[in-house]
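Below, each chain spelled out in residue letters.
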Amino acid sequence: MIILSGLFFFLILSSFGQEENIWIFGSGSGLDFNFSPPRGIASSIQSNEGCASVCDERGNLLFYTDGSNVWDRNHLIMSNGFHIQPYANAWGSGSSSTSQGALIVPVPGSDSRYYIFSLTCYEQGPADMGKLFHSVVNMDLNNGLGDVEKDTKGVLIDSLLTEQMTSVRGNDCNIWLLTLRRDGYLKAFEISSGGVKSGVISPVTESNPFNMNPLENAYGITGCMDVSPDRRKIAIARNALAVYDFDVKTGLATKPLILSEINDKYYSVCFSPDNSKLYSGIGSGPGAGISQFDLSNTTLPEIINSKATVHAGANRYYIKRAPDLKIYIARFNSQTLDVIRFPDLPGARCMYMPDAQPLHEGATSKLGLPNTISRYTYTDTLVLVNEVEACFTDQLTLFPSSAASKYTWSIGDTAPSITVTQPGTYWVTYGTSDCTFNMDTFRVTFFNPLLVIDASCKDDSNGKAKLIVGDSHSVYTLTWLNSSNDTLSVTDSLCNVLAGNYYLRVNTTNGCDTVLPIFIPEVDYKVSFDADTLICENDTVTFINTSEDHFTDFNWYFGDGAKSNIRDPYHIYNQYGAYSAMLVGGGYNCVDTVYKTIIVDIPVSGISFNLERNETCIGEGVSFYPHVDSSVVNLSWSFGDQNGFTAGREVVRHAYDMPGMMYVTLNASFRACPDMEYTDKVIVHDLPPVDLGPDSAICYKKMPILLQNYAPAQEGYRYLWSTGDTRPVITVAHPGRYSLTVANEQGCVTTESVTLIKDCYINIPNVFTPNGDGFNDYFFPGQLQSVSMVTFRMQIFNRWGQLIFETNNRAGPGWDGKLNGKDQPEGGYIYSVMVTLTNGYSEKYEGNLTLIR
């Protein structure tokens, strides 16, 4: 029995495509994430740092920029895409040498227009660095290839900023453009359908590490910022490293967590996809490399102490999350990118993989990857539900609760109002802003009596309808009609009819004469059940009956000849194969049948694996070849050194970092049958120790040096020096780099190198320019190795042999081109430099020099 009523569920899905699926960056480089793994592609960009690229919702490239020029998807500069901001320098455009010098933001409320924000670099000097411009690209121009709108090209927005810039989606149909002022305060510009609004300045406490003079130190203005994927945190690397809480409603940053000292030289920064980890890079000096901080800790000391170096090495790193949820790292002038494979995992488990992503042939990375693309999402709101009753009328006009735009009625109409002639539920959605849709629902009934409908079972004629009228109504007469206007009943009920459309004519003593459309629905009650459809031979299957309440009688057929008539039976399949289990259900009106296929696996008799070899050295990989049944789900490997992992049926490889007898165990899990295990062993030999001692120096006319392995040697060791010598000890008399390779009886090899430098020499120029410009204003030897020097004397003579300058101060500064305070004329002079070394030898250097002003 169904009582006529309205029930409606409404959902609008706002779906945006893959705007960041193609990256363009570096020198002619690009990366296409529409493939897995991503593919290196060629481009026309030549950017040292700042860059940005954007795709359509299907991941097709639209255009890219270095902040100064704009290229279309054919890698050609747009006709109005030259010099969208007015600066250039020796590093290219005035933005391509900015850490985050270019940013693309879709214009809110538009499907075809995009803002490009350009930020000038530190190298422009104090007056012009940190200037912010915006331009607009319209993809409807140039036959869909896009072009920069002339009236919106190179508009100056702000100045006195640093090189940090990114964006994040807000909560109010808006985007926040995030920048950093030179004094360390975050400045957020709100972007909405109304344009770019004035910046919001975040209050920063005294503990802010960025209150510094950037003009005294390039690290004070360079660096990057990143917003966490959940939009709750912002990280800023600007020499120091700090994390703030971020409010997407107001654009304000608060509660700084200072993770480093001011002069730690952090440059790039990136959150992990699950927001729990923060990665940042130091380019040079102590601690150079990529570090990970665990932000899931609750206190600042715990976060600082969680710092783990996941990659060590001096370089300039740029770190960015990718659509495949990995993190990619660009290094200067590299033909590959490094990859962090599992960035949500702590420490070394994140799997930092150097050179893991190749770039297109001839392309190289520089110091930047494309900036973030942010777009707002739509919200949906249920505004009003209207209960509408109309007595003795066959039409009613429905209006939404407020005037708006973009009307969509449930019947497909797009007008501001509709007229309905049938009872039921109607709804209208209408947009009141660029990102909000409202909905009104109308539950409409015609005539006050209650109409009760019994649906007709499928393939049967047992449908019913009945009109129940209360005592308050006047005398009435009823006539039930079919679609051919044939009279079917004159009582209060219509019985035993097929599903379909019918009509009820109602006449009352009050003068009401109306026709109500009646629909007898067809119901298709379903029987259903749950059961394990994949089992092992001789397992018991429990059949759980999930049929609708309509059904009361059940007959089971298990496919192997067995039957049952209880509600929830169980059955044992004692032979492997595929069986069709059937349930037939009967109820008040309807009968239904449902099938499921039960797959029965046979237990596997055994598993094994082969080894590439039974003996190996520390650090050398060994391949393991599994032999398993096709019904295996996964294989768990344990390599005997507390390491292991789960894999498929592929060949696996493992290298050991300790010697000994390693017992390798393979555990196989099958689809349904019990696990099985197999064990073999590998002997791992140690590496021979090599110690050549510290780097040393060879001085002028000193004795040769003996090089040898100071580590304990064993019988059977073989030696090979970089000189080709195979003796344990060699004699060298010249500076250079020497290496020794030692192999033991098992063939394990270790190599170490030592460097011998020349310790005492001087370098004397032949020209100097004492003009007061601060460069080459004194004549003095360019390099003095004082370690082996006892005495020093320098004399200067003019062309007539007159001594005009003399000093024995080996710390300089030397001759300033004057005699008794007067400038000496341009031309040639004679110098004499005499030194005595600690070994008793003396050296004298004489020559000509030229004075130029």
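A.B. asks: Mind showing me how you'd approach the side chain of Glu49 here?
C.D. replies: Locating Glu49 in the fold gives a position in the loop between β4 (39–46) and β5 (52–55). No salt bridge forms around the buried Glu49; measuring N to O, its nearest opposite-charge neighbour Arg316 is 4.3 Å away.

A.B. asks: What am I meant to see in the packing of aromatic side chains here?
C.D. replies: How two aromatic rings sit relative to each other is set out by the distance from centre to centre and by the angle between their planes. In the structure shown here, the tally under the stated rule is 25 aromatic pairs. The interplanar angle of 85° and the centroid separation of 5.3 Å between the aromatic rings of Phe33 and Tyr328 together place this pair among those described as edge-to-face. Of the two residues, Phe33 sits in the loop between β3 (27–32) and β4 while Tyr328 sits in strand β28 (residues 327–331), which places them 295 residues apart along the sequence. The residues Phe33 and Tyr328 share a single accessibility class, namely buried. Each ring, one from Phe624 and one from Trp637, has its centre 5.8 Å from the other, and the planes form 45°; the classification is tilted.

A.B. asks: What exactly am I supposed to notice about the state of the cysteines here?
C.D. replies: Each disulfide is one covalent bond, formed between the sulfur atoms of two cysteines. Summed over the entire model, instances satisfying the criterion amount to three disulfides. Across the disulfide from Cys457 sits Cys590; the S-S distance is 2.1 Å. One disulfide, between Cys457 and Cys590, carries an S-S torsion of -100° and so falls in the left-handed class. Pair noted here: Cys457 is in strand β38 (residues 456–457) and Cys590 is in the loop between β53 (577–587) and β54 (591–601), with a separation of 133 residues, a long-range link. For the pair Cys457 and Cys590, a shared accessibility class is recorded, and that class is buried. Paired by a disulfide, Cys536 and Cys673 hold their sulfur atoms 2.0 Å apart. Negative torsions about the S-S bond denote left-handed disulfides, and the value of about 95° found for Cys536 with Cys673 makes this one right-handed. Taken together, the residues Cys536 in strand β47 (residues 534–536) and Cys673 in the loop between β61 (660–670) and β62 (676–685) connect sequence positions 137 residues apart. We note that Cys536, like Cys673, is buried.

A.B. asks: Honestly, the side chain of Glu190 in this entry has me stumped. Any pointers?
C.D. replies: As for its position among the elements, Glu190 is in strand β17 (residues 186–192). A polar atom in the side chain of Glu190 sits 2.9 Å from the side chain of Asn174. With residues near it in sequence (within four places) discarded, Glu190 still touches Asn174, Ile175, Trp176, Gly195, Val196 and Lys197.

A.B. asks: Could you clarify how one ought to interpret the sheet that holds strand β63 (residues 696–698) in this entry?
C.D. replies: Backbone hydrogen bonds hold the strands of a sheet together, and the pairing may be parallel or antiparallel. Strand order across the open sheet formed by four strands is β63-β68-β67-β65, with mixed pairing between neighbours. Looking at strand neighbours, the two that pair on one side only are β63 and β65 (718–721), the edges of this open sheet. Averaged over all pairs of adjacent strands, the angle between their axes in this sheet comes to 30°, without regard to strand direction.

A.B. asks: Can you walk me through the pattern of salt bridges in this structure?
C.D. replies: Two side chains with opposite charge may pair up if their charged atoms get near one another. Summed over the entire model, instances satisfying the criterion amount to 22 salt bridges. When the shortest N-O distance is used, the salt bridge between Arg671 and Asp601 registers 2.7 Å. With Arg671 in the loop between β61 and β62 and Asp601 in strand β54, this residue pair connects regions lying 70 residues apart in the sequence. Between Lys844 and Glu846 there is a salt bridge, with its nearest N and O atoms 3.0 Å apart. The two residues Lys844 and Glu846 agree in class, both being exposed. A single network of salt bridges, built from pairs that share partners, joins Glu612, Arg613, Glu620 and Arg653.

A.B. asks: Would you explain the layout of surface pockets in this entry?
C.D. replies: Gaps left between atoms are located by rolling a probe of water-molecule size over the structure's atoms. Taken as a whole, the largest pocket encloses approximately 890 Å³ of empty space. Lining the largest pocket are 36 residues, and of these Glu20, Arg321, Thr372, Ile373 and Ser374 lie nearest its centre. Counting residues per element, the ones that place at least two in the lining of the largest pocket are β15 (161–169), β19 (224–227), β23 (266–271) and β27 (317–321). Counted by class, the lining of the largest pocket contains 16 nonpolar, 12 polar and eight charged residues.

A.B. asks: I tried to follow the nonpolar core on my own but got confused; where do I start?
C.D. replies: The nonpolar side chains of a soluble globular protein tend to be buried with one another. Of all hydrophobic cores here, the largest spans 36 residues; its most connected members are Trp23, Phe25, Leu31, Leu241, Leu278, Tyr328 and Leu337. Looking at this core, the elements with two or more residues in it are β2 (22–25), β6 (61–65), β20 (233–238), β21 (240–247), β23, β24 (277–282), β28 and β29 (336–340). Not counting residues within four places of it along the chain, the set of residues in contact with Leu337 comprises Phe25, Leu31, Tyr328, Ile329, Ala330, Asp355, Ala356, Gln357, Leu359, Ser365 and Leu369. In terms of nonpolar packing, the next biggest core, distinct from the first, is built from 22 residues, Val622, Val628, Ala647 and Val684 among them.

A.B. asks: Looking at this structure, how should I read the pairing of β28?
C.D. replies: In regular strands, side chains alternate between the two faces of the sheet. For β28, the tally of buried residues reaches five of five residues, placing the bulk of the element in the interior. Taken together, the five bridges between β27 and β28 define a ladder with antiparallel strand orientation. By the bridge assignment for β28, Tyr318 is matched with Ala330. Connecting β27 to the antiparallel partner β28 that follows it, the hairpin turn spans five residues, and Leu325 within it adopts a positive phi of roughly 65°. Of the strand pairs in this sheet, β28 and β29 are connected by three bridges, and their pairing is antiparallel.

A.B. asks: What exactly am I supposed to notice about the environment of Leu498 here?
C.D. replies: Mapping Leu498 onto the fold places it in the loop between β42 (493–497) and β43 (500–508). Accessibility expressed as a relative area gives 51% for Leu498, which makes it exposed. As a C-alpha pair, Leu498 and Lys458 span 40 residues in sequence and 9.0 Å in three-dimensional space.

A.B. asks: I keep staring at the confidence of the model for the protein chain and nothing clicks. Help me out?
C.D. replies: When pLDDT drops low, the exact placement of atoms in the prediction is not to be read closely. Mean pLDDT over the protein chain: 86, with 89% of residues reaching 70 or higher. Contacts from residues 1–16, a stretch scored under 50 in pLDDT, to residues over four places away or in other chains number 31 contacts. Contacts for the low-pLDDT stretch residues 212–216, under 50 throughout, to residues beyond four places or in other chains number 14 contacts.

Cut-off values and rules
- Residues numbered from 1 in each chain as written.
- Predicted model: local features only at pLDDT ≥ 70, side-chain atom pairs only at ≥ 80, totals over all residues.
- Heavy atoms only, no water.
- Helix = DSSP H or I, 4+ residues; strand = E, 2+ residues; numbered from the N terminus.
- Buried < 20%, exposed > 50% of the residue type's maximum accessible area, 1.4 Å probe, protein only.
- Lys, Arg positive; Asp, Glu negative; His and termini not counted.
- Salt bridge = Lys/Arg side-chain N within 4 Å of Asp/Glu carboxyl O.
- Phe/Tyr/Trp six-rings, centres within 6.5 Å; stacked < 30°, edge-to-face > 60°.
- Disulfide = S-S within 2.5 Å.
- Polar contact = N/O pair within 3.5 Å; in protein donor to acceptor, adjacent residues only side chain to side chain.
- Contact = heavy atoms within 4.5 Å.
- Pairing = 2+ DSSP bridges.
- Axes fitted to C-alpha atoms, helices over the stretch in contact; angles between N-to-C directions.
- 1 Å grid on protein atoms, 1.4 Å probe; cavity = no way out; pocket = protein on both sides within 12 Å on 5 of 7 lines; lining within 4 Å.
- Points joined across faces, edges and corners; volume = space filled by probe spheres on them.
- Nonpolar A, V, L, I, M, F, W, Y, C, P; charged D, E, K, R; others polar.
- Core = buried A, V, L, I, M, F, W, Y, C linked by side-chain atoms within 4.5 Å.
- pLDDT = per-residue confidence, 0-100.

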